[in-house]
Amino acid sequence: MIADLIRLGGRLVLGGLYRLKTDGLENIPQTGSVIIACNHFSDADPVALDITVLRVRPPRFVAKKELFSVPLLGRALRQVRAIPVDRYNPDGDLNALRSTINGLAKGDCMIIFPQGTRSKNGRIAEPKSGVGFIACRSGAQVVPARIRGTERFPHPARLSLMFGEPYSWNRFTQETRITDKKESYKEFSRKLMEKIEKL
């Protein structure tokens, strides 16, 4: 499969040339629904996460719709059952949320970038509320992950990817007293990004 070739290339380039170092893989549950929530700097991030999380279990992605029309890449995304999201269409965004929640209901492992897009200044950006909404509706465990070094990609840099202890919507509601649902989604996302930054 094309996806396997991309993964092989990722291991050779990121693991060999960039010496990708990983830590905390034991924090990823081997079964059951789980969200891997990571900061986002470059196009290398999804590949780094994919080849790393795959050592524990097969992951799925939410990816912008435009990538599915790129020759070979679009085919690879379909092979790994990535979920397309139309960032410029509210209905398309809603469909992606539904597909993600349905996948989690079946026990999938989903990789999500809470920022919604890449940070272009090398800093972890403010998250969107989507990951809070998904965590609430799915009840899935959420594993915070932090990637470093890809903000300079493709320039030479040491890459690292660290996974923290799982967080959950139930734990969040025990820690906070926010009654407004929309505000609670935003606050969950903020707390999650704080955990990512501390890794």
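Each chain carries its own residue numbering, running from 1 in the written order of its sequence. Only residues with pLDDT of at least 70 are given local features in this predicted model, and only at 80 or more are side-chain atom pairs given and counted; all residues enter the totals for whole chains, interfaces and linings. To obtain the side-chain values, all non-hydrogen atoms of the structure were included, while hydrogens and water were left out.

It is not clear to me how the packing of helix H1 (residues 2-17) against helix H2 (residues 44-53) should be interpreted in this structure. Could you clarify?
Helix-helix packing is characterised by the crossing angle of the two axes and by the distance between the axes. Whenever a helix is involved, its axis is fitted only over the stretch in contact; in every case the axis is a line through C-alpha atoms, and angles between N-to-C directions fall within 0 to 180 degrees. The helix count covers DSSP runs of H or I at least four residues long, the strand count covers runs of E at least two residues long, and both are numbered beginning at the N terminus. At a minimum axis distance of 10 Å, the contact between H1 and H2 shows a crossing angle of 100°. On the basis of the axis angle, H1 is roughly perpendicular to H2. Across the interface between the two elements, Arg-7, Gly-10, Arg-11 and Leu-14 from H1 touch Ala-44, Val-47, Ala-48, Asp-50 and Ile-51 from H2. For the contact of H1 with H2, the residue count by class is 5 nonpolar, 1 polar and 3 charged. Between 65 and 115 degrees an angle is taken as roughly perpendicular, under 35 as roughly parallel, over 145 as roughly antiparallel, and anywhere else as oblique. In what follows, a contact means two residues having at least one pair of non-hydrogen atoms within 4.5 Å. Here the nonpolar group is Ala, Val, Leu, Ile, Met, Phe, Trp, Tyr, Cys and Pro; Asp, Glu, Lys and Arg are the charged ones; every other residue, Gly included, is treated as polar.

What is the right way to read the sheet that holds strand S7 (residues 160-163) from this model?
Paired through their backbone hydrogen bonds, the strands of a sheet run either parallel or antiparallel. Pairing between strands is defined by DSSP: at least two bridges between them are needed. Taken in spatial order, the 7 strands line up as S1-S7-S6-S2-S5-S3-S4 in an open sheet, and their pairing is mixed. Each edge of the open sheet is held by one strand with a lone partner, namely strand S1 (21-23) and strand S4 (83-85). Neighbour-to-neighbour, the strand axes of this sheet turn through a mean angle of 20°, independent of strand direction. Pairing analysis gives 3 bridges linking strand S3 (residues 60-64) to S4, with the strands arranged parallel. Its bridge partner lying in S4, Ala-63 is registered against Pro-84. Those strands touched by helix H5 (residues 130-138) are strand S2 (34-38), strand S5 (109-112) and strand S6 (141-148), and its axis lies near 165° from that of S2. Packed onto the sheet, helix H7 (residues 181-198) meets S2 and S6 and runs at close to 45° relative to S6.

Whenever I open this one, the packing of aromatic side chains confuses me. Can you help?
Geometrically, a pair of aromatic rings is defined through the distance of the ring centres and the angle of the planes. Side-chain rings of Phe, Tyr and Trp (the six-membered ring for Trp) are treated as a pair once their centres are within 6.5 Å; stacked means planes under 30 degrees apart, edge-to-face means over 60, and tilted covers the remaining angles. In the structure shown here, the tally under the stated rule is 7 aromatic pairs. Aromatic side chains Trp-169 and Phe-188 sit 5.5 Å apart centroid to centroid with 40° between the ring planes, which places their arrangement in the tilted category. In this pair, Trp-169 sits in helix H6 (residues 169-175) while Phe-188 sits in helix H7, placing the two residues 19 residues apart along the sequence. Of the two residues, Trp-169 and Phe-188, both sit in the buried class. For the ring pair Phe-172 and Phe-188, a centre distance of 5.4 Å and an interplane angle of 85° mean the geometry is edge-to-face. Of the two residues, Phe-172 sits in helix H6 while Phe-188 sits in helix H7, which places them 16 residues apart along the sequence. Side by side, Phe-172 and Phe-188 carry an identical accessibility label, which is buried. Ring-pair connections join several aromatic residues into one group, and the members of that group are Phe-133, Tyr-167, Trp-169, Phe-172, Tyr-185 and Phe-188. For every residue, the accessible area (1.4 Å probe, protein chains only) is compared with the maximum for its type, and the residue is labelled buried under 20%, exposed over 50%, or partly exposed between those bounds.

How do you make sense of the environment of Leu-159 when you look at a structure like this?
Summarising the element assignment, Leu-159 is placed in the loop between S6 and S7. Among residues more than four places away in sequence, those in contact with Leu-159 are Leu-14, Tyr-18, Arg-19, Leu-20, Lys-21, Arg-148, Gly-149 and Thr-150.

Please clarify how the pairing of S6 should be interpreted in this entry.
Note on strand geometry: in a regular strand, side chains alternate between the two faces of the sheet. Burial within S6 is extensive, with 6 of its 8 residues counted as buried. Strand direction decides the pairing type here: S2 and S6, joined by 5 bridges, are parallel. The partner of Ile-36 across the bridge, within S6, is Val-143. The sheet contact formed by S6 and S7 spans 4 bridges and is antiparallel. Across the sheet, Arg-146 pairs through a bridge with Met-162, a residue of S7.

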